[in-house]
Amino acid sequence: MAQIADFSVAHVFSSKSTGSVGLASNTKHIIDQGRQFDLNTKHKTGSAHIGEVESLGINYGQVGNNLPPPERALDLLHALWLTKARIYDTNPQILAAFANSNVELIVTVENEMISTLMDPNQALQWVMTRIKPYVPATKITGITVGNELFTGSDTTLISYLVPAMVIIHAALVRFGLDRFIHVLTPSSLAVLQESYPPSTGSFRPELSRFLAATKAPFWINAYPYFAYQSNPDNFPLEYVLFDPNPGVLDPYTKLHYDNMLYAQVDAVIFAMVKRAGPREGI
């Protein structure tokens, strides 16, 4: 049987926010710079009012054995009504196979390529050979630069991240592709300076100005398992596994959380509201 690594489904939220934020189990309000925002969720269904959920996306990994060809993978996406996918490189076979489909693709600059693309000429060449030949037939909507760099300890690579994003964006501008393709980077909760309690969520400053200037969405990978693994004495296992538990109360907002995932995502939302208001995409 084919094994597709990281062929995992994830929600893709619209950038058209409804103005409601929050995943806690009751409705409250927060005041930020004189503006009031609803914190609302359908707790029983786990459906958050972060924004309208436009579609579902999938991470299309290629590390495995007996993998189906890209054409077959595309058939699987269609069968599951999935209209977005992220790949971890710029595999030309996948880019060609997804042409003239309704699936939007996000491609990746691998971590080891980031230092090379700090050179504007190299970035132009990369966009010209890896991106431009496939659009508009293939709906490339985003380029992720690296993967969760803030989780690691390579401070040099972290220092390259935003400059490389700026240079790649400039290359897209040269080819007139910046109107269709965002430059972004997936981050774990390590991108936050604070994440607990959720209402104290605040960003590390490295990404804020670039994402705001280019109107790129913020990409977060939330992992309750790793948070629990690093500090198992602070939270019951049931809180991580969505099992019945007393939950956690945010002392500042009085919002009640009965699982860690909701608390983690709310920390990101609070950080976004503090930075630029609730109308940015996640």
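Residues numbered from 1 in each chain as written. Predicted model: local features only at pLDDT ≥ 70, side-chain atom pairs only at ≥ 80, totals over all residues. Heavy atoms only, no water.

**Student:** What should I look at first to understand helix H3 (residues 120-130) in this one?
**Tutor:** Since the α-helix advances by 3.6 residues per turn, residues separated by three or four positions end up pointing in the same direction. When we look at burial in H3, the residues that qualify are Ala-123, Leu-124, Trp-126 and Val-127. Viewed end-on, H3 has its buried residues packed into an arc of 160°, placing them on one side of the element. If you follow the buried residues of H3, they end up packed against strand S8 (104-109), strand S9 (139-145) and helix H4 (155-174). (Buried < 20%, exposed > 50% of the residue type's maximum accessible area, 1.4 Å probe, protein only. Helix = DSSP H or I, 4+ residues; strand = E, 2+ residues; numbered from the N terminus. Arc of directions from axis to C-beta. Contact = heavy atoms within 4.5 Å.)

**Student:** Would you mind going over the packing of aromatic side chains with me for this structure?
**Tutor:** Aromatic ring pairs are described here by two measures, namely the spacing of the ring centres and the angle between the planes. Counted by the stated rule, this structure contains five aromatic pairs. Here the aromatic rings of Tyr-225 and Phe-226 are separated by 5.3 Å at their centres, their planes lie at 65°, and the arrangement is edge-to-face. In this structure Phe-226 comes out as partly exposed when scored by relative accessible area, which is 46%. The interplanar angle of 20° and the centroid separation of 5.5 Å between the aromatic rings of Phe-235 and Tyr-239 together place this pair among those described as stacked. Since its relative accessible area comes to 16%, Phe-235 is described here as buried. Overall, Tyr-239 belongs to the buried group, its relative accessible area being 1%. (Phe/Tyr/Trp six-rings, centres within 6.5 Å; stacked < 30°, edge-to-face > 60°.)

**Student:** Please explain the side chain of Glu-148 as it appears in this structure.
**Tutor:** Along the chain, Glu-148 falls in the loop between S9 and H4. We note that Glu-148 is buried and unpaired, the nearest opposite charge coming from Arg-86 at a distance of 7.0 Å. Looking at Glu-148, its side chain comes within polar contact range of the side chain of Tyr-223, at 2.5 Å. Those residues in contact with Glu-148, other than ones at most four positions away along the chain, are Pro-186, Ser-187, Ser-188, Asn-221 and Tyr-223. (Lys, Arg positive; Asp, Glu negative; His and termini not counted. Salt bridge = Lys/Arg side-chain N within 4 Å of Asp/Glu carboxyl O. Polar contact = N/O pair within 3.5 Å; in protein donor to acceptor, adjacent residues only side chain to side chain.)

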